[in-house]
Amino acid sequence: SRRALAEHPHLENPQGELADLLPGLTGPVDTAFCCLGTTIKQAGSQAAFRAVDYDLVIAFAERARALGARHLLVISALGADANASVFYNRVKGEMEDALRAQGWPQLTIARPSLLLGARQEFRLGERLAAPFMRWLPGKYRGIKATALARALWRLALEEDAGTRVIESKQLRRLGRQEKYRPMSIPHDLISALSAADMLEIDDLHAWQFHLDSEQLAQHHAGQAVVTDTPVLSIECMDGRALRKWHFALAQVLAARFDGEADAWIITGSGDPHRLKCFAAVTGDNSDLPDDAD
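Residues numbered from 1 in each chain as written. Predicted model: local features only at pLDDT ≥ 70, side-chain atom pairs only at ≥ 80, totals over all residues. Heavy atoms only, no water.

A. Geometry of the sheet that holds strand E10 (residues 208-211). The three strands lie next to each other as E10-E11-E12, forming an open sheet whose pairing is antiparallel. The two strands at the open ends of the sheet, each matched to only one other strand, are E10 and strand E12 (241-247). For this sheet the average axis-to-axis angle between neighbouring strands, irrespective of direction, equals 10°. (Pairing = 2+ DSSP bridges. Helix = DSSP H or I, 4+ residues; strand = E, 2+ residues; numbered from the N terminus. Axes fitted to C-alpha atoms, helices over the stretch in contact; angles between N-to-C directions.)

Right, dumping it as structure tokens:
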């Protein structure tokens, strides 16, 4: 990044001119996010604008692909079209076409409308337009930067091959804030897992987890379950490392709830693990009106 990001124990943050940083980036990389963008006024000329919104985006994508990334999520713009008469929209459309030509296994193109929220630099046009952009219909309505970030994060968790274009209206819906609350304690871990939207295992948050429904159906029917397939699989990122856990049905059934730790204690192939189950609660989102259509 050009400026220092907030510190986090799982964050590596090289700083400097982005074109100079790209050759030094190392992998492996699974998913890449590209949020590069400027304005013609800020860049100073159409050529300088294109150097950022086209050349630098393409260079970033090429480097990410070389490091092993299979999914690229990129922020484009509402109205992007390589044949547009407006220079800004034409460059965005050309950028999208160039990314398609790179042959990504999974490419997600986000086309937000005007981004709402605080900026470090003052943009008069955006400041004047923002109040009206909150009330425009469909894809033209403005979107908060925080909502766009949540939408991209959720899209990154999906595994749909090919290219997809997500317009601003859908981005707003995907970006609705959700809060997670600890669940009331069921009498067994299977019941908790079946109703959970998010897990926390050994202090790491995991939204990617899978329950083997066939094994559970056999168990609930009183049938003997004889298989080496885990009934519970969990994965999440720990910094740049992908962590995975697998538990057999017997291990899940043997889990006990520790009231002092407020967690289920489950033993896998090694040491015991602390597992918490959370349910999603949709946030207020009252800063923007709901879509009528």
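On we go.
B. Local environment of the pairing of strand E14 (residues 263-267). Along E14, four of the five residues are buried, which leaves the element largely enclosed by surrounding structure. Note that strand E13 (residues 256-258) and E14 share three bridges and pair antiparallel. Opposite Asp 258, over in E14, you have Ala 263 as the bridge partner. Counting the residues that bridge the hairpin from E13 to E14 gives four residues, and of these Asp 262 lies at a positive phi of roughly 55°. (Buried < 20%, exposed > 50% of the residue type's maximum accessible area, 1.4 Å probe, protein only.)

C. Highlighting the packing of aromatic side chains. For the structure on display, the rule yields four aromatic pairs. With centroids separated by 5.9 Å and ring planes inclined at 55°, the aromatic side chains of Phe 49 and Phe 87 adopt a geometry described as tilted. Highlighted residues: Phe 49 in helix H3 (residues 46-66) and Phe 87 in helix H4 (residues 87-101), separated in sequence by 38 residues. No difference in accessibility class separates Phe 49 from Phe 87, as the two residues are buried. Look at Trp 153 and Trp 207: their rings are 4.8 Å apart centre to centre, the planes differ by 80°, and that puts the pair in the edge-to-face class. In this pair, Trp 153 is assigned in helix H6 (residues 145-156) and Trp 207 in the loop between strand E9 (204-206) and E10, connecting sequence segments 54 residues apart. With relative accessibility at 27%, the residue Trp 153 sits in the partly exposed group. Given a relative accessible area of 30%, Trp 207 falls into the partly exposed group. Taken together, Phe 49, Phe 87 and Tyr 88 form an aromatic cluster joined through their ring pairs. Of note, Arg 50 hangs over the ring of Tyr 54, and the distance from its end group to the ring centre comes to 4.4 Å. One residue, Arg 65, lies across the ring of Trp 104, its end atom 5.5 Å from the ring centre. (Phe/Tyr/Trp six-rings, centres within 6.5 Å; stacked < 30°, edge-to-face > 60°. Lys NZ or Arg CZ within 6 Å of the ring centre and 35° of its normal.)

D. Seen up close, the pattern of salt bridges. Under the defined criterion, the tally for this structure stands at nine salt bridges. Linking Arg 50 and Glu 94 is a salt bridge whose minimum nitrogen-to-oxygen distance equals 2.6 Å. Of this pair, Arg 50 sits in helix H3 while Glu 94 sits in helix H4, placing them 44 residues apart in sequence. On the accessibility criterion, Arg 50 (28% relative accessible area) is partly exposed. The partner of Glu 96 in a salt bridge is Arg 100, and the shortest N-O contact between them spans 3.8 Å. One end of the pair is Glu 96 and the other is Arg 100, both in helix H4 and four residues apart, which spans about a single turn. Taking the relative accessible area as the measure of exposure, Glu 96 reaches 2% and is therefore buried. Accessibility expressed as a relative area gives 35% for Arg 100, which makes it partly exposed. A network of salt bridges, in which partner residues are shared, links Glu 96, Asp 97, Arg 100, Arg 111 and Glu 167. (Salt bridge = Lys/Arg side-chain N within 4 Å of Asp/Glu carboxyl O.)

E. The side chain of Thr 108, seen in detail. Inspection of the secondary structure assignment puts Thr 108 in strand E3 (residues 106-111). Here His 71 takes part through its side chain, which lies 2.8 Å from a polar atom of the side chain of Thr 108. There is a polar contact of 3.1 Å between the side chain of Thr 108 and the side chain of Arg 164. Once residues lying within four places of it in the same chain are set aside, the contact partners of Thr 108 are His 71, Leu 72, Leu 73, Val 74, Leu 155, Arg 164 and Ile 166. (Polar contact = N/O pair within 3.5 Å; in protein donor to acceptor, adjacent residues only side chain to side chain. Contact = heavy atoms within 4.5 Å.)

Read these as spatial facts, not as claims about activity.
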